[in-house]
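Survey of secondary and tertiary structure
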Amino acid sequence: MKRNTRNLIFATMVGLTVSSNGATTFTEDFSSNTAGPNLTLGTAWNAATTSFASSNFTITSGGGPRIFLGTNDKDFQATDFVFTATVTLPNNTSADSMPFFGMGTPTPVANYGEPLTNQYLLMGYRADDKRFQVRSNSGTSGQIGNAFVTDPLAGGTHKMTMVWTAVTHTAVFTFDAGNDGVTNGINDYTFTRDATSNGFTNTTSQLIVGGGNGLIFDNITVSVPEPSAALLGGLGVLGLLRRRRI
């Protein structure tokens, strides 16, 4: 009986370890002046160009064209994660400079250059409307918060965060204005979205960061649960069984 119990626990451990999500934890500061090993440029719409030469991800495209970085891993929807990046907004009021940040497939739609193909769940900021947006399958735009009279975010560096809970299929987006670690200021916003109600069922989701002319992205981090956690927990249980047997 004891042997069967130990075998069952071992089998459970193996199952948990094998089924653990393969998404990679990483930090990319572009210090190699490249996209790094975990990110790949999506297909540019129109004439969008990029540079990593200044140890960041800079987009230069004139009016309209956009481009994105997507993670090489495509299974993030299956696990909890925290996704962050800093963005420096150009000092203008152009909708073409709108940053996109979130989860989906980094393939641009014709005439938009935005990753609105297949399924997506994204946060953005429109300098022309001076409002935040959450974009998802249920709608291409949704204005969040009151419009700023002037744009206090233009020309500044800010932090975007997405926290995903796989079991509830819920995403919490946070925009930390000024990247000062305080997210309850007048220019800071937090949005929660139930991806299921938005029709998001993508099973090959990449994390995406990008947009249009003049945007500068840096310090991208992705944190996912350690697959070893289940294994260590199982080893602890086995240790207790062994001690009890002795």
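Our subject is the structure that appears above.
Residues numbered from 1 in each chain as written. Predicted model: local features only at pLDDT ≥ 70, side-chain atom pairs only at ≥ 80, totals over all residues. Heavy atoms only, no water.

1. Things to note about the side chain of Thr71
Using the following cut-off: The numbering of helices and of strands both runs from the N terminus, where a helix is a DSSP run of H or I of at least 4 residues and a strand a run of E of at least 2. For the purposes of these results, a polar contact is taken to be a pair of N or O atoms within 3.5 Å, where, inside protein, one atom must be able to donate a hydrogen and its partner to accept one; residues adjacent in sequence count only when each atom of the pair is a side-chain atom. In what follows, residue pairs with any heavy atoms lying within 4.5 Å of each other are defined as contacts.
Tracing the backbone through its elements, the reader meets Thr71 in strand β5 (residues 67–71). Here Asp73 takes part through its backbone oxygen, which lies 2.9 Å from a polar atom of the side chain of Thr71. In terms of polar contacts, Thr71 uses its side chain to reach the backbone amide nitrogen of Leu207, at 3.0 Å. Setting aside chain neighbours within four positions, we find Thr71 in contact with Phe26, Asn38, Leu39, Phe76, Gln206 and Leu207.

2. What about the packing of aromatic side chains?
The geometry of two aromatic rings is summed up by the distance between their centres and the angle between their planes. Convention followed: Working definition: rings of Phe, Tyr and Trp (its six-membered ring) pair if their centres are within 6.5 Å, and the pair is stacked with planes under 30 degrees apart, edge-to-face with planes over 60 apart, and tilted otherwise. Here the term buried applies to any residue with accessible area under 20% of the maximum for its type, exposed to any over 50%, and partly exposed to those in between, with areas from a 1.4 Å probe on protein chains only.
This structure, assessed with the given rule, holds 13 aromatic pairs. When the centroid spacing of 6.3 Å and the interplanar angle of 15° are considered together, the rings of Tyr189 and Phe191 count as stacked. Neither residue differs from the other here; Tyr189 and Phe191 are each classed as buried. An aromatic cluster of at least three residues, connected via ring pairs, comprises Tyr125, Phe132, Phe175, Tyr189 and Phe191.

3. Description of the environment of Ile59
Topologically, Ile59 is positioned in strand β4 (residues 57–60). Between the alpha carbons of Ile59 and Gly210 there is a distance of 8.0 Å; along the sequence they are 151 residues apart. The residues contacting Ile59, other than those within four sequence positions of it, are Thr49, Thr50, Ile67, Gly210, Gly211, Gly212, Asn213, Gly214, Leu215 and Phe217.

As far as function goes, none of this settles anything; it's purely spatial.
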